[in-house]
Amino acid sequence: MARIYFIDVTNRDGVQTARLGLSKLEKTMINMYLNEMGVFQSEFGFPTTRHETLYLQANLELAAMGVLQPIRLGGWIRAIVADVEEAFKRVPNIKHLNISISTSDQMIQGKFRGRKSRANIVSMMVDALEAARAHGAESVGVNAEDASRTRIDFLVEFGLAAKEHGADRLRYCDTLGYDNAFTIYESVRTLAQDVGIPIELHCHGDLGMAVANSLAGAKGAIDGGQDAYINTTLNGIGERAGNADLIATALAITKSKGFIKKYRLGKPIDLTRAWKTSKFASYAFGVPIPINQPGVGANAFAHGSGIHADGVLKDPENYELYGFDELGRGEPDLVETGREICSGLYIGISGFSHIMGQLEVSFDDAKHAEKILELARYANVASQKPLVEEQLLFIAKYPEITRKLLTLIPPD
Ligand SMILES: [Zn+2]
């Protein structure tokens, strides 16, 4: 039986969102959180973008050290041979890639302006795919950008060419959030049946349907006999109205009416880490979690009306679909209301040692303490806000990796 997997794209679609961004340490922490949750793959960045190089290499080092395991780390590039060459030049150890090209008539006419035909698009994709394979990529997903506005017969042709040349998955991108649950189901089931390759669902929320479309698409892939890989982001952060939220999608698959009976996860998601993960993403992006966000919003388990309060006190199942403890909620949030020592850009050794002591981190000697302090200062320069405990612990544990994450030297 085919299964559903998650490929989270927070570190690619999320960080390319207008007005938002993450430091390289924050991106690394997101990969750590996704790994802890059991996400199959993190689309961890852009191998052809210069300021990503050391970050990508450092994260692959963490994977080789067994820290970022078993999560797969996949890069996103354009389906252009030159980009494949550049990716493997900058990040030689990269093992997983998604290569992307637009396939719709709209993009062929409106973006390529007659410079590329459908045949050109297929051959560019095939050349890039073969180049990635020649460089030793272990898995390659092929992205049809604007798939939802692409003629289905051309999508099938494009998918068959990708499969024939060794693609592992076809990414169906509803780039503009144009699909609804009924249309994406039909398109993806046809693709799964006629192409015979696992399908990725990349859904956007321009019409408020990213999670629903992801589920319907996954059902289409599985009914067509293929595994489904749903693209998600933390808190749904992504281009424009955003992507399918990881936690909402995981809840929808496992808790919605009857779905899990036939459509199951290939790799369980540890939802007890949802609260912590969502809160970190919110802090790092500087975007509050909406009060009514599924599972992690402040009101997700709050009851104000008399009838609901009475009902939930008698039996939570009267008015709650799932328990707050399943999301890792329930511990009181401790907020310091008195004196507080914050780790900032200009923190000194005394304050820093105090903070690290509270985290039960001890230093070998003064030199060691100075070294970690300096890295924490630089991390603050990059994020411009106090570091959270997990970041401080990460820096103390992996100082050499942190140094790479904090090294940004623009090319001449
Ligand atoms: Zn996208």
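Residues numbered from 1 in each chain as written. Predicted model: local features only at pLDDT ≥ 70, side-chain atom pairs only at ≥ 80, totals over all residues. Heavy atoms only, no water.

1. Notes on the sheet that holds strand β5 (residues 139–145)
At step 1: Strand order in the closed barrel formed by 8 strands is β1-β2-β3-β4-β5-β6-β7-β8, with parallel pairing between adjacent strands. Mean inter-strand twist for the sheet, computed between neighbouring axes without regard to direction, equals 25°.
At step 2: Relative to strand β6 (residues 169–174), β5 runs parallel, the two sharing 4 bridges. Paired with Val 142 across the two strands is Leu 170, which belongs to β6.
At step 3: Lying on the sheet, helix α2 (residues 24–37) is in contact with β1 (4–8), β2 (41–45) and β3 (72–78); it crosses β2 at an angle near 175°.
At step 4: On the sheet, helix α3 (residues 53–64) packs against β2 and β3 and is oriented at approximately 150° with respect to β2. (Pairing = 2+ DSSP bridges. Helix = DSSP H or I, 4+ residues; strand = E, 2+ residues; numbered from the N terminus. Axes fitted to C-alpha atoms, helices over the stretch in contact; angles between N-to-C directions. Contact = heavy atoms within 4.5 Å.)

2. Focus: the nonpolar core
At step 1: Core analysis: the largest hydrophobic core is formed by 125 residues, its most contacted members being Ile 4 and Ile 199.
At step 2: Looking at this core element by element, the count peaks at 8 residues for helix α6 (residues 118–134).
At step 3: Once residues within four sequence positions are removed from consideration, Ile 199 is found in contact with Leu 170, Tyr 172, Val 188, Leu 191, Ala 192, Ala 221, Asp 227, Ala 228 and Tyr 229.
At step 4: If you look at the next biggest cluster of nonpolar residues, it comprises 5 residues, including Ile 7, Val 9, Phe 40 and Tyr 229. (Core = buried A, V, L, I, M, F, W, Y, C linked by side-chain atoms within 4.5 Å. Buried < 20%, exposed > 50% of the residue type's maximum accessible area, 1.4 Å probe, protein only.)

3. Digging into the pattern of salt bridges
At step 1: Scanning all chains against the criterion turns up 30 salt bridges.
At step 2: With a shortest N-O distance of 2.4 Å, Lys 404 and Glu 61 are connected by a salt bridge. A residue pair is termed long-range when its members are at least 10 positions apart, and Lys 404 in helix α17 (residues 399–405) and Glu 61 in helix α3 qualify at 343 residues.
At step 3: Judged by its relative accessible area of 29%, Lys 404 falls in the partly exposed class.
At step 4: By relative accessible area, which is 32% here, Glu 61 ends up partly exposed.
At step 5: Three or more residues joined by partner-sharing salt bridges are found here, namely Arg 12, Asp 13, Glu 43, Arg 169, Arg 171 and Glu 200. (Salt bridge = Lys/Arg side-chain N within 4 Å of Asp/Glu carboxyl O.)

4. A look at unusual backbone geometry
At step 1: In the segment running from Gln 69 into Pro 70, the intervening peptide bond is cis, with an omega of 5°.
At step 2: Of note in this structure, Asn 235 is not a glycine but carries a positive phi near 60°.
At step 3: Considering the arrangement of structural elements, one finds Asn 235 in the loop between β8 (228–232) and α10 (246–255).
At step 4: Residue Asn 235 is classed as buried on the basis of its relative accessible area of 13%.
At step 5: The backbone of Gln 384 sits at a positive phi, close to 55°, despite the residue not being glycine.

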